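# Architecture and fold: a report
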Amino acid sequence: MSHDGVGLRAVMRSVAFLTAGALAVPALTACSAEDEAGQPLAGQDIAPAARDLVADGGTLRWAVDAVPETLNTFQADADAATSRVAGAVLPSMYRLDRNGRPQVNPDYLESAKIVETEPKQVVLYKLNQQAVWSDGREIGAADFAAQWRALSGKDTAYWTARNAGYDRIEKIERGKNNLEVRVTFSRPYADWKSLFSPLYPKDVMGTPDTFNDGARRKLKVTAGPFALKEVDRTGGQVRLTRNPRWWGHPTKLSEIDLIAVARDQRATALADDKLDLAEIDPSEAERITLAARDQGSTPLQGADAVITPAMALRSWALAHGSDANAASDEASARKKLRKTMAKAAEQQSALRRFVVRKSLEPAYTQLALNGSEGPLADERVRRAVARALDRQELAQVVLKPLGLPAVPVGSHLALSGQQAYADNSGALGGQDTAEAQALLTDAGWVPGGPVKEQKKTEKAAGSQGKKADSDGTGDDGAYIVGEDDKPSDADREKKKDPKDHSERHQRQQSGEYADEQAGNHLDGKRYVRRGGAPGAYAPKGTAAPVGAAAGVLAKDGKPLTLRFVLPSGPGSESLHAVADRISQMLQRIGIHTEISKVSDDSYFKDHIASGQYDLALYSWPASAFPATDARPIFAKPVPAADGSLSVEQNYTRVGTDQVDQLFDQAIATLDEDEERSLVRKADARIWAAAGSIPLYQRPQLTAARTNLANTGAFGFQTPIYEDMGYLKPSAKPSAGPSQN
């Protein structure tokens, strides 16, 4: 999962309650036509250049979030930095092309294909005869077999995070010669191309000890264009140097240094000549873009950038006034400010040596709806939330300011360009306020009815969430959309003169007091006013008036309020903007949202994974093998032996037997067209269940030195490390998005 995801449209007219299993719409008849997959919405932006235009030598300093805790990608605490190291130093039988589709990696494979299907599936790998480990040993069947045994799940002494696919292998053996590897499966496995990428040497996979501990801090034997030179945890750096035994195209760079730099500090590190390449957030991308545009005096960017005329006048008055102490303090402050501005101008000047390369990341951001309890346990309410959303507008909030295609995501299981992609959002339906209101009415939520007084310890209708964590910034905590921080009537009454009836008189004149009194019914209960005539209320079952502004909805004495949990750390500004827009959309149909901002450290562990939320925004990567990789994300939760609910990675806790069956069928067929059709059908069912709503593909913004070639915003494609480097002085890269 990514902390902080490609097309969508739909029509559905019935407001009747339809379960996902019973829903029958045209989208469920998945088409096998290849053109449904389309093309990536944004191409990669890497300043492509022929190898003869790239200079030999040089060091690339590339930012990562942290030094990886493990170098074993099959362990639970592996992260993006783990994968980056593995991609540079270890074999992969397949790598992804620009469309996110697996292609044979010729540096390691001459061919790989299914040679038998009966009685068992057999895949024959023919290895590149030049492929050797850094100790000189040939890559062969022994390495494949060791990795299978470690990841098969049969030996619990191996601390593996996943074994999908490897658990279907029956045996691995040498073929006609050392360059052939025969893999026999006990059960058919459609995603066999996902296996052995990366491939670790038998020295790592051979025993539980070497697997569990041996590859966490070092990799003695490698087989990529680069080798692991050093992992410096104190200095926050991983050094990769040329592999002298590499048989492919020689690496252009002599060294790649992966340097741990926090996201909000990367623009400064780039300006201070500590980095050459870094993924950045939109605010830093804007700063670099402005620096590149302004070749004259550069305005200071950030909170201290704006000095109003009033501030300048006050500063001059203090500095030249009769109060000596005040004048001294102000002079000191002005001197400090001049230094700050000079430093900022210097950094802006340094940032002109960089360009922002942008594409769309192979991941999408979704709105997750926790269906385990509360109002969202009712599918009608989840569907109402989904029908209230204008996903085109939400995509524009994030992507339009960046100049990227603002197209909503149409699939949970693939992105535009990938083989399994098809827009299946029609299984749920597009934005329709009237339909959303009707679904809520059908579920018993009406704009009127008695609302019980909520005790301080009592929650509204949403899930029982933990109190928001505070990071000391004052921005965390909770607030309810649609309510402000004005004092209550009771508080105002306490503070005012009891003989002063002017405020009450004004309220009577305006009609506000009469409206308030109309809300207090003769039965002594407090009623929620409808969005119609002042003071009106509706009995249970009354449909919402079409086109009327929605009031607070209530059911069983509780208002419909959902807890919307968000991370509060640096880089989460776009999520906050999207959440605010979603809250406004839900407000229109009578759903209030209580936004709770929590620390990044607790966001996933204490809230998403534990189910302490109603609504949340987070991202999933798009896999080239969705039948394998997406199944645990959407599998129906089942009771565990201890009585708890086993959700795997399905943090919305919404699943169906039909979706599970479609995944099982997709993974077991060896017909690629049939697999694609089954995956698309599963996606349509996931849409219909409304447990998660894909919103937009995430932006990928990378700051790169202007003379860096063949690197930047890769999009779907696997980086080709040996081609990265610095352009020769007179060379120019091919035209790309960042050069236009």
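Residues numbered from 1 in each chain as written. Predicted model: local features only at pLDDT ≥ 70, side-chain atom pairs only at ≥ 80, totals over all residues. Heavy atoms only, no water.

### Structural notes on the pairing of strand E17 (residues 592-598)
Across a regular strand the side chains alternate sides, sitting on one face of the sheet and then on the other. Which entries qualify depends on this criterion: Buried means the residue's accessible area, taken with a 1.4 Å probe over protein chains only, is under 20% of the maximum for its type, while exposed means over 50%, and partly exposed covers the values in between. Every helix listed is a DSSP run of H or I at least four residues long, and every strand listed is a run of E at least two residues long, numbered separately from the N terminus. Two strands make a pair as long as DSSP finds a minimum of two bridges between them. With its strands directed away from the observer, a crossover is right-handed exactly when the path from the first strand over the helix to the second travels clockwise.
Counting buried positions along E17 gives 6 out of 7 residues, so the element sits mostly inside the fold. Two strands pair when backbone bridges link them, and strand E16 (residues 561-567) and E17 are joined in this way by 7 bridges, in the parallel orientation. If you follow Leu562 over to E17, its bridge partner there is Thr593. Taking the sense of rotation as the criterion, the β-α-β connection linking E16, helix H15 (residues 573-587) and E17 turns out right-handed.

### Quick look at the pairing of E16
Counting buried positions along E16 yields 7 of 7 residues, so the element is predominantly enclosed. Judged by which residues are buried, E16 turns out to be covered on both faces: Thr561, Arg563, Val565 and Pro567 on one side and Leu562, Phe564 and Leu566 on the other are all buried. Where E16 meets strand E18 (residues 615-621), 2 bridges bridge the pair, whose relative direction is parallel. By the bridge assignment, Val565 is partnered in E18 with Ala616.

### With respect to the sheet that holds strand E5 (residues 122-127)
We apply this condition: Note on method: axes are straight lines fitted to C-alpha atoms, helices fitted across the in-contact stretch only, with angles between N-to-C directions ranging 0 to 180 degrees. Contacts are residue-level and defined by heavy atoms, with any inter-residue pair within 4.5 Å sufficient.
Strand order in this open sheet of 4 strands is E4-E5-E7-E6, and the pairing throughout is antiparallel. The outermost strands of the open sheet, each flanked by one partner alone, are strand E4 (109-116) and strand E6 (169-174). Averaged over neighbouring strand pairs, the angle between their axes works out to 20° when direction is ignored. Alignment of E4 against E5, held across 6 bridges, turns out to be antiparallel. Bridge pairing in E5 places Glu116 opposite Val122. Sitting on the sheet, helix H2 (residues 141-151) touches E5, E6 and strand E7 (180-185), and the angle it makes with E6 is about 160°.

### Some thoughts on the environment of Gly712
If you trace the backbone, Gly712 turns up in the loop between strand E22 (708-709) and strand E23 (725-726). A residue is classified by how much of its surface remains accessible, and Gly712, at 6% relative accessible area, is buried. When the C-alpha atoms of Gly712 and Ile46 are compared, they prove to be 4.4 Å apart, with 666 residues separating the residues in sequence. Here Gly712 is in contact with Asp45, Ile46, Leu277, Arg357 and Thr702, once residues within four sequence places are set aside.

### As for the nonpolar core
Here is a general trend for soluble globular proteins: nonpolar side chains tend to be buried in one another's company. Threshold: What is meant by a nonpolar core is a set of buried Ala, Val, Leu, Ile, Met, Phe, Trp, Tyr and Cys residues, joined one to another through side-chain atoms within 4.5 Å.
Met93, Tyr125, Phe196 and Leu240 are the most contacted members of the largest nonpolar core, which totals 101 residues. With 7 residues, H2 is the largest single contributor of residues to this core. In this structure Met93 touches Gln103, Val104, Asn105, Tyr108, Leu109, Tyr125, Leu127, Phe144, Leu195, Phe196, Ser197 and Leu199, once residues within four positions along its chain are discounted. Within the second largest apolar cluster, 67 residues are counted, among which are Leu270, Ala406, Ala579 and Leu695.

### Quick notes on empty space enclosed by the protein
Keep this limit in mind: Put simply, the grid is 1 Å and covers the protein atoms alone, a cavity is a trapped set of points that fit a 1.4 Å probe, a pocket is an open set with protein on both sides within 12 Å along at least five of seven lines, and lining residues have an atom within 4 Å of a point. Grid points are joined across faces, edges and corners, and a volume is the space filled by probe spheres set on the points. Three classes are used: nonpolar for Ala, Val, Leu, Ile, Met, Phe, Trp, Tyr, Cys and Pro, charged for Asp, Glu, Lys and Arg, and polar for all others, with Gly counted as polar.
There is about 140 Å³ of room inside the largest cavity. Contributing to the lining of the largest cavity are 18 residues, with Phe634, Asn650, Thr652, Val654 and Ile686 lying nearest its centre. Elements supplying a minimum of two residues to the lining of the largest cavity: E18, helix H18 (631-634) and helix H20 (672-689). Considering every element that reaches the lining of the largest cavity, the biggest residue donor is H20, with 3 residues. Taken together, the residues of the lining of the largest cavity break down into 9 nonpolar, 8 polar and 1 charged.

### What to know about the side chain of Asp107
Inspection of the secondary structure puts Asp107 in the loop between strand E3 (102-104) and E4. Setting aside residues no more than four positions away along its own chain, Asp107 makes contact with Arg95, Asn128, Ala131, Trp246, Trp247, Gly248 and Glu722.

### Some remarks on helix H1 (residues 80-89)
The buried count for H1 comes to 7 of 10 residues, which makes it a mostly enclosed element. Taken as a whole, H1 has its buried residues at Ala81, Thr82, Arg84, Val85, Ala86, Ala88 and Val89. On the buried face of H1, the contacting elements are strand E1 (59-64), strand E8 (226-232), strand E9 (237-242), strand E10 (255-260) and strand E11 (277-279).

### So, the packing of helix H9 (residues 379-388) against helix H11 (residues 433-442)
Going by this rule: Working rule for angles: under 35 degrees goes down as roughly parallel, over 145 as roughly antiparallel, 65 to 115 as roughly perpendicular, anything else as oblique. Two helices that cross are described as forming a left-handed crossing if the nearer one is turned anticlockwise from the farther one by less than a right angle, and a right-handed crossing if clockwise.
As a packed pair, H9 and H11 sit with axes 8 Å apart at the nearest point and diverge in direction by 165°. Comparing their axes, H11 and H9 come out roughly antiparallel. As H9 packs across H11, the resulting crossing turns out to be left-handed. Across the interface between the two elements, Arg380, Val381, Arg383, Ala384, Arg387 and Ala388 from H9 touch Thr433, Glu435, Ala436, Leu439, Leu440 and Asp442 from H11. Taken together, the residues of the contact of H9 with H11 break down into 6 nonpolar, 1 polar and 5 charged.

### Re the packing of aromatic side chains
As a reminder, the rule being used: The rule is short: rings of Phe, Tyr and Trp, with Trp giving its six-membered ring, pair when the centres are within 6.5 Å, and they are stacked under 30 degrees, edge-to-face over 60, tilted in between.
Across all of its chains, the model carries 17 aromatic pairs by this definition. For the pair Tyr94 and Trp192, a centre-to-centre distance of 6.2 Å together with 85° between the ring planes defines the contact as edge-to-face. You can see Tyr94 sitting in strand E2 (residues 94-96) and its partner Trp192 sitting in the loop between E7 and helix H3 (202-205), a full 98 residues away along the chain. Both residues of the pair, Tyr94 and Trp192, belong to the buried class. Measuring from ring centre to ring centre gives 4.6 Å for Phe144 and Phe196, while their planes differ by 45°; the resulting arrangement is tilted.

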